[in-house]
Amino acid sequence: MSLFRSLFLVGLLAALGACGFRPLYGGTENSAINQQLAHIQISTIEDRIGQQVHNLLLDRLNSGGRPQKPLYNLSVKLTVSKEEIGLKFTEEATRARLTLWVNYFLTDNGSGKVLAEGGVRSVNNYNIFNSEFARLAAEEDAKKRAAREVSDEIKLRLSLYFVQRNA
């Protein structure tokens, strides 16, 4: 059985190499991607959840802080919606769904041309408790999870844009 597994892994690795698979953050491309991401200035985003998304993007894209001479500008528009999804027989909600929809635009500072744009969505559920404090804490946690998810997805999409552009 061990021989079969070894042969299977060798065959799988050979197939991955033949299809042109390359890890996104592997090798020399990692530093080139990070250099491109570090030149992105992030525009101010409204509301508290917008501030959270802005700070998370700043951490993910510009680990050294704000760029001194930004080549690109990232603007982000947020939409937050909440809906009650779990109902008791008394028609009292017990669960809620928070959806964060983000549209982003990466523009070139020199030409003003939009280089990349897209939409990202995060859906998080939380419990609605009888205690107002507990309900607010659960909702705030759902917003933080959503902000983290969309900022990770935006970083991934921008990284893919720069890889395809440099290829």
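See the structure above.
Reference entry: report on the structure contained in this document. Keep in mind the model is a prediction, meaning the values are calculated, not measured.

Analysis parameters
- Residue numbers restart at each chain and count upward from 1, following the sequence in its written direction.
- The predicted nature of this model means local features are confined to residues of pLDDT at least 70 and side-chain atom pairs, given and counted, to a pLDDT of 80 or more, with totals for whole chains, interfaces and linings taken over all residues.
- Working from all heavy atoms in the structure, the side-chain values ignore hydrogens and water.
- Note on pairing: two strands pair once DSSP finds at least 2 bridges between them.
- Only DSSP runs of H or I reaching four residues or more are called helices, and only runs of E reaching two or more are called strands; each is numbered from the N terminus.
- Using only the protein atoms, space was sampled on a 1 Å grid; points where a 1.4 Å probe fits but cannot get out form cavities, open sets with protein on both sides within 12 Å along at least five of seven lines form pockets, and lining residues are those with an atom within 4 Å of a point.
- Grid points are joined across faces, edges and corners, and a volume is the space filled by probe spheres set on the points.
- Here a salt bridge means any side-chain nitrogen of Lys or Arg lying within 4 Å of a carboxyl oxygen belonging to Asp or Glu.
- To sort residues, take the accessible area from a 1.4 Å probe on protein chains only and compare it with the maximum for the residue type: under 20% means buried, over 50% means exposed, and anything in between is partly exposed.
- Should any heavy atoms of two residues lie within 4.5 Å, those residues are considered in contact.
- Under the pairing criterion, centres of Phe, Tyr and Trp rings, with the six-membered ring standing for Trp, must be within 6.5 Å; the plane angle then separates stacked pairs below 30 degrees from edge-to-face pairs above 60, leaving the rest tilted.
- To qualify as a nonpolar core, a set must consist of buried Ala, Val, Leu, Ile, Met, Phe, Trp, Tyr and Cys residues joined through side-chain atoms within 4.5 Å.
- Every angle, taken between N-to-C directions, lies between 0 and 180 degrees, and every axis is a line fitted to C-alpha atoms, over only the stretch in contact when it is a helix.

**Structural notes on the pairing of strand β2 (residues 72–87)**
As paired elements, strand β1 (residues 40–42) and β2 share three bridges and run parallel to each other. Residue pairing for β2: Ile42 is matched across the bridge by Leu74. Pairing of β2 with strand β3 (residues 93–108) involves 15 bridges; the strand directions are antiparallel. Bridged to Tyr72 within β3 is Asp108.

**A closer look at the layout of surface pockets**
By volume, the largest pocket amounts to about 150 Å³. Surrounding the largest pocket, Thr44, Ile45, Glu46, Asp47, Ile49, Val76, Lys77, Leu78 and Val80 form its lining. Every element with two or more residues in the lining of the largest pocket is listed here: α3 (47–61) and β2. In terms of residue count, the dominant contributor to the lining of the largest pocket is β2 (four residues).

**Points about the pattern of salt bridges**
Scanning the entire structure with this criterion turns up eight salt bridges. One salt bridge connects Arg60 with Asp152, and the closest N-O pair in it is separated by 2.3 Å. Placement of Arg60 in helix α3 and of Asp152 in helix α4 (residues 132–166) is noted, with a sequence separation of 92 residues between them. Classification of Arg60 by relative accessible area gives partly exposed; the value is 23%. Within the structure, one salt-bridge network assembled from shared partners comprises Lys82, Glu132, Arg135, Glu139 and Lys143.

**Describing the environment of Leu71**
Along the chain, Leu71 falls in the loop between α3 and β2. Here the alpha-carbon distance between Leu71 and Ala38, two residues 33 residues apart in the chain, equals 9.2 Å. Setting aside residues no more than four positions away along its own chain, Leu71 makes contact with His39, Thr107, Asp108 and Asn109.

**Section: the packing of aromatic side chains**
The full count for this structure, using the stated rule, is two aromatic pairs. With 5.2 Å between their ring centres and 65 degrees between their planes, Tyr161 and Phe162 make a pair best called edge-to-face. Like Tyr161, the residue Phe162 is buried in the burial classification.

**Things to note about the nonpolar core**
In terms of nonpolar packing, the biggest core is built from 33 residues, with Ile40, Leu57, Leu61, Leu74, Leu106, Ile154 and Leu158 touching the most fellow members. When residues in this core are grouped by element, the largest group, ten residues, is from α4.

**A few points about the environment of Ser81**
Residue placement: Ser81 occurs in strand β2. Here Ser81 falls in the partly exposed class, since its relative accessible area comes to 38%. Taking the C-alpha atoms as reference points, Ser81 and Thr99, separated by 18 residues in sequence, lie 5.2 Å from one another. Non-local contacts of Ser81, meaning those with residues more than four positions away in its chain, are made with Arg97, Leu98 and Thr99.

**Here we look at the sheet that holds β3**
The strand order β1-β2-β3-β4 describes an open sheet built from four strands, whose pairing is mixed. The open sheet terminates on both sides in strands that have one partner only, identified here as β1 and β4 (114–127). Across the sheet, the mean angle from the axis of one strand to that of its neighbour is 25 degrees, orientation sign disregarded. Sheet strands touched by α3: β1, β2 and β3. Its angle to β2, the strand with the most contacts, is close to 130 degrees. Against the sheet, α4 touches β1, β2, β3 and β4, its axis set at about 155 degrees to β4.

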